[in-house]
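# Chain and residue survey
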Amino acid sequence: CCLTALLLLSVAGCATPPAPQPPSSPVKLMPEPGKAMLIGEGAAGAGDPIIYITNVDGTPVPGGERSALTPITLAPGPHKIVIALSAGNLFSALMFDFTAQEGGVYRARAQQKRDLPWYSVPLTSVGGQTYFWVEDSASGEPVTEKKLKNVTSQQQPIFIPIPVR
């Protein structure tokens, strides 16, 4: 009895913790020859901010928020895109004129105005005045203007009909 307990304690103490893993490196996106790519930004958990493309040249992008990290292949040239930002019940979207260059990789971005109390980099909370834009993934430089829009709750009021006599 006592020998078994002693043996179990000695074996338990010998377990070595797993070796720390190096952080995963970001995946480098490579567009097909003669094409460009556009991608959004996802988040870690439910209710976290997600920036995604909802429409390219009048065609809806399937998948909604779930498509944020799915690259969209584009032909080089001018495009009209819609960038959306959602987090829980907060949502906003804006249309952009955007010109893709052959071989370019672009990312849809959003960031609150710096004077908001919940301002954070990277974007971890949303609401209020927020800038939207597209940037070149390699340089980090904007390739569209930065547009300002209010991100608000999308909850709809519930109307209950009350008969009046």
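### Here we look at the overall build of the protein chain
- Broken down by element type, the protein chain carries one helix and nine strands.
- When the helices and strands of the protein chain are listed from N to C terminus, the series reads α-β-β-β-β-β-β-β-β-β.
- Counting only residues that meet the buried cut, the protein chain has 33% of its 165 residues in that class.
- When contacts within the protein chain are restricted to residue pairs at least 6 apart in sequence, long-range pairs at least 24 apart make up 55% of them.
- When the accessible surface of the protein chain is split by element, carbon and sulfur atoms take 62% of a total near 10900 Å².

### Side note on the nonpolar core
- Residues I53, L74, I81, I83 and F132 are the most contacted members of the largest nonpolar core, which totals 22 residues.
- Of all the secondary-structure elements, those providing two or more residues to this core are β1 (36–39), β2 (50–56), β4 (72–74), β5 (77–87), β6 (90–100), β7 (105–112) and β8 (128–136).
- The biggest single contributor to this core is β6, with five residues.

### Focus on the confidence of the model for the protein chain
- The predicted model of the protein chain has a mean per-residue pLDDT of 75, with 64% of residues at 70 or higher.
- Highest mean pLDDT in the protein chain belongs to β4 (93); lowest belongs to helix α1 (residues 2–13) (44).
- Residue range residues 2–26 is modelled with pLDDT below 50. Its contacts to residues more than four positions away, or to other chains, number zero contacts.

### Quick notes on the packing of aromatic side chains
- By the definition in use, this model includes one aromatic pair.
- Geometrically, the ring pair formed by F98 and Y106 is edge-to-face, given 4.9 Å between the ring centres and 80° between the ring planes.
- With relative accessibility at 2%, the residue F98 sits in the buried group.
- Directly above the aromatic system of W133 lies the positively charged group of K146, at a separation of 4.1 Å from the ring centroid.
- Over the ring of F96 we find K147; its NZ or CZ atom is 4.6 Å from the centre of that ring.

### Some words on the sheet that holds β5
- Within the open sheet, the nine strands sit side by side as β3-β2-β5-β6-β9-β8-β7-β1-β4. Their pairing is mixed. The sheet is open, and its two edges are formed by β3 (59–60) and β4, each paired on a single side.
- As judged from the eleven bridges shared by β5 and β6, these two strands associate in the antiparallel manner. When the bridges of β6 are listed, I81 appears paired with F96.

### Some remarks on the environment of V61
- Its place among the elements puts V61 in the loop between β3 and β4.
- Between the alpha carbons of V61 and V82 there is a distance of 9.6 Å; along the sequence they are 21 residues apart.
- In this structure V61 touches I53, T54, N55, V56, S67 and I72, once residues within four positions along its chain are discounted.

### Concerning unusual backbone geometry
- Positive phi, normally seen in glycine, also occurs at D57, with a value near 55°.
- Take D57: it is sitting in the loop between β2 and β3.

### Things to note about the side chain of E135
- With respect to the helices and strands, the residue E135 is situated in strand β8.
- Residue class for E135 comes out buried when judged on its relative accessible area of 11%.
- Of note is the side chain of E135, whose polar atom sits 3.0 Å from the side chain of R109.
- Here E135 is in contact with V105, Y106, R107, R109, G140, E141, P142 and V143, once residues within four sequence places are set aside.

### Some points on the pattern of salt bridges
- All chains considered together, the criterion is met by three salt bridges.
- Among the salt bridges present, the one from E41 reaches R109, with a minimum N-O distance of 3.1 Å. With E41 in the loop between β1 and β2 and R109 in strand β7, the pair connects residues that are 68 residues apart, well separated along the chain.
- Here R109 ties to E135 by a salt bridge, and the two come within 3.0 Å at their closest N and O atoms. Here R109 is found in strand β7, whereas its partner E135 is found in strand β8, with 26 residues between them in sequence. Each member of the pair, R109 together with E135, is buried.
- Overlapping salt bridges, with partners in common, bring together E41, R109 and E135 in one network.

Calculation rules
- Residues numbered from 1 in each chain as written.
- Predicted model: local features only at pLDDT ≥ 70, side-chain atom pairs only at ≥ 80, totals over all residues.
- Heavy atoms only, no water.
- Helix = DSSP H or I, 4+ residues; strand = E, 2+ residues; numbered from the N terminus.
- Buried < 20%, exposed > 50% of the residue type's maximum accessible area, 1.4 Å probe, protein only.
- Contact = heavy atoms within 4.5 Å.
- Areas by Shrake-Rupley, 256 points an atom, 1.4 Å probe, with all protein chains shown as cover.
- Core = buried A, V, L, I, M, F, W, Y, C linked by side-chain atoms within 4.5 Å.
- pLDDT = per-residue confidence, 0-100.
- Phe/Tyr/Trp six-rings, centres within 6.5 Å; stacked < 30°, edge-to-face > 60°.
- Lys NZ or Arg CZ within 6 Å of the ring centre and 35° of its normal.
- Pairing = 2+ DSSP bridges.
- Polar contact = N/O pair within 3.5 Å; in protein donor to acceptor, adjacent residues only side chain to side chain.
- Salt bridge = Lys/Arg side-chain N within 4 Å of Asp/Glu carboxyl O.

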